[in-house]
Amino acid sequence: MRITVAGGGVVGLSCAHRLAEAGHTVTVVTEGGPGETTSAVAGGLIYPPVVRPDERVVRWTGTTVGVYRSLLAAPGIRFLPGWIRVPADAPDPGWLAAMTDVSRDGTVLAFTTALVDTPVYLTWLAEEAAARGVRTEYRTVTSLADLDADVVVNATGLAGGALAGDDTLVPVRGQVVHLTDPGLTSWSVEETDGDLAYVIPHGRHVVCGGTEEIGRRDLDPDPATAAAIVRRCRALEPRLADAAVLGTRVGLRPGRPSVRLERTGDVIHCYGHGGAGITLAWGCADDVTELV
């Protein structure tokens, strides 16, 4: 079949890759290259939100983690141990079965998972898709009905809501700061008094975050917010005390009460992943391919 995938982020590229593998003729329509997508701003720590009432998330996470394990030779992927802090009375999340080296001590949930240097990985993924015959057109999609294909996959992230007439999709602004990596071999995530701190090392740099500002759309980095992020992350990981600040980045996550993955006529909607697109992408791509 002739399939057009609208959206060139991690979800769109993963769908295009799987569809091309299945023998379809695939075109990706996107506004810019992989490095210009919201996915490229992501910290790249692979685990979904701890509380999310959707059994599909467990399955999608397991699939995606398995794919990353099979892609260890690919640039931008490595597995490292780390920990997140969870409420003392919270049960272990279902997706934990996909992780290794799992342990829990009160509120500290430790495990090993994939860390994906998203700009590096996305460039590689786009090249792999192209090697399988996927074409790319750079332009803005203003209507799904205008796309000439047997099936259209709506993987446009935050734009997906407007294209589908879905007013449940909202921007969730995320700001991160990149610091030089002093050689960290573990990651960490903690929320204190409503402020989120996470430290995600990628060898050359560390992604430090972050913010989750629901409904805010501006992409201009806020210096005061950046300074607060650096303070929180240096408190969380003292080895960052002398790490140089490399820059600040902002992205708009596509927030929705749950991921929309369903077929309506000749359109398959696959959007609303929030900050977990990199965690759920391959599982969702398999479901999209099955729907096709």
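Residues numbered from 1 in each chain as written. Predicted model: local features only at pLDDT ≥ 70, side-chain atom pairs only at ≥ 80, totals over all residues. Heavy atoms only, no water.

Peer 1: Please explain the overall build of the chain as it appears in this structure.
Peer 2: A count of helical and extended segments in the chain gives 6 helices and 15 strands. What you see for the chain is a C-alpha radius of gyration of 18 Å, in line with the 19 Å of a compact globule of 292 residues. In the chain, buried positions account for 54% of the 292 residues. Considering only contacts within the chain whose residues lie at least 6 apart along the sequence, 74% involve residues at least 24 apart. Accessible surface, the chain as shown: approximately 12400 Å² in total, 51% of it carbon and sulfur. (Helix = DSSP H or I, 4+ residues; strand = E, 2+ residues; numbered from the N terminus. Rg over C-alpha atoms; globule rule 2.2 N^0.38 Å. Buried < 20%, exposed > 50% of the residue type's maximum accessible area, 1.4 Å probe, protein only. Contact = heavy atoms within 4.5 Å. Areas by Shrake-Rupley, 256 points an atom, 1.4 Å probe, with all protein chains shown as cover.)

Peer 1: Sorry if this is basic, but what is going on with the sheet that holds strand β14 (residues 260-264) here?
Peer 2: Note: strands within a sheet are paired through backbone hydrogen bonds, in either parallel or antiparallel orientation. The mixed open sheet is built from 6 strands, whose spatial order is β6-β2-β1-β7-β15-β14. Looking at which strands have only one partner, the edges of the open sheet turn out to be β6 (135-138) and β14. Taken over all neighbouring pairs, the strand axes of this sheet differ in orientation by 15° on average, direction set aside. Pairing geometry for β14 and strand β15 (residues 267-271), over 5 bridges, is antiparallel. Across the sheet, residue Leu261 finds its bridge partner in β15, namely Cys270. (Pairing = 2+ DSSP bridges. Axes fitted to C-alpha atoms, helices over the stretch in contact; angles between N-to-C directions.)

Peer 1: Whenever I open this one, the pattern of salt bridges confuses me. Can you help?
Peer 2: Pairing is possible between side chains of opposite charge, provided their charged atoms come close. For the structure shown, the criterion picks out 20 salt bridges. The salt bridge partner of Arg104 is Asp92, with a shortest N-O separation of 2.7 Å. Here Asp92 lies in the loop between β3 (77-85) and β4 (100-105) and Arg104 lies in strand β4, a separation of 12 residues in the sequence. The partner of Asp166 in a salt bridge is Arg256, and the shortest N-O contact between them spans 2.8 Å. With Asp166 in the loop between α4 (160-164) and β8 (170-180) and Arg256 in the loop between β13 (245-255) and β14, this residue pair connects regions lying 90 residues apart in the sequence. Within this structure, Arg18, Glu21, Glu128, Arg132 and Asp286 form a network of salt bridges that share partners. (Salt bridge = Lys/Arg side-chain N within 4 Å of Asp/Glu carboxyl O.)

Peer 1: When you look at the packing of helix α2 (residues 55-70) against helix α6 (residues 277-291) in this model, what are you seeing that I'm missing?
Peer 2: How two helices sit against one another is set out by the angle between their axes and by the gap between those axes. It is at 7 Å that the axes of α2 and α6 come closest, and there the two elements cross at 100°. Viewed along their axes, α2 and α6 adopt a mutual orientation that is roughly perpendicular. Together, Val57, Arg59, Trp60, Thr61, Thr63, Thr64, Val67 and Tyr68 of α2 and Ile278, Thr279, Leu280, Ala281, Trp282, Gly283, Cys284, Asp286 and Asp287 of α6 make up the contact between the two elements. Class assignment for the residues of the contact of α2 with α6 results in 9 nonpolar, 5 polar and 3 charged. (Parallel < 35°, antiparallel > 145°, perpendicular 65-115°, else oblique. Nonpolar A, V, L, I, M, F, W, Y, C, P; charged D, E, K, R; others polar.)

Keep in mind these values describe shape, not function.
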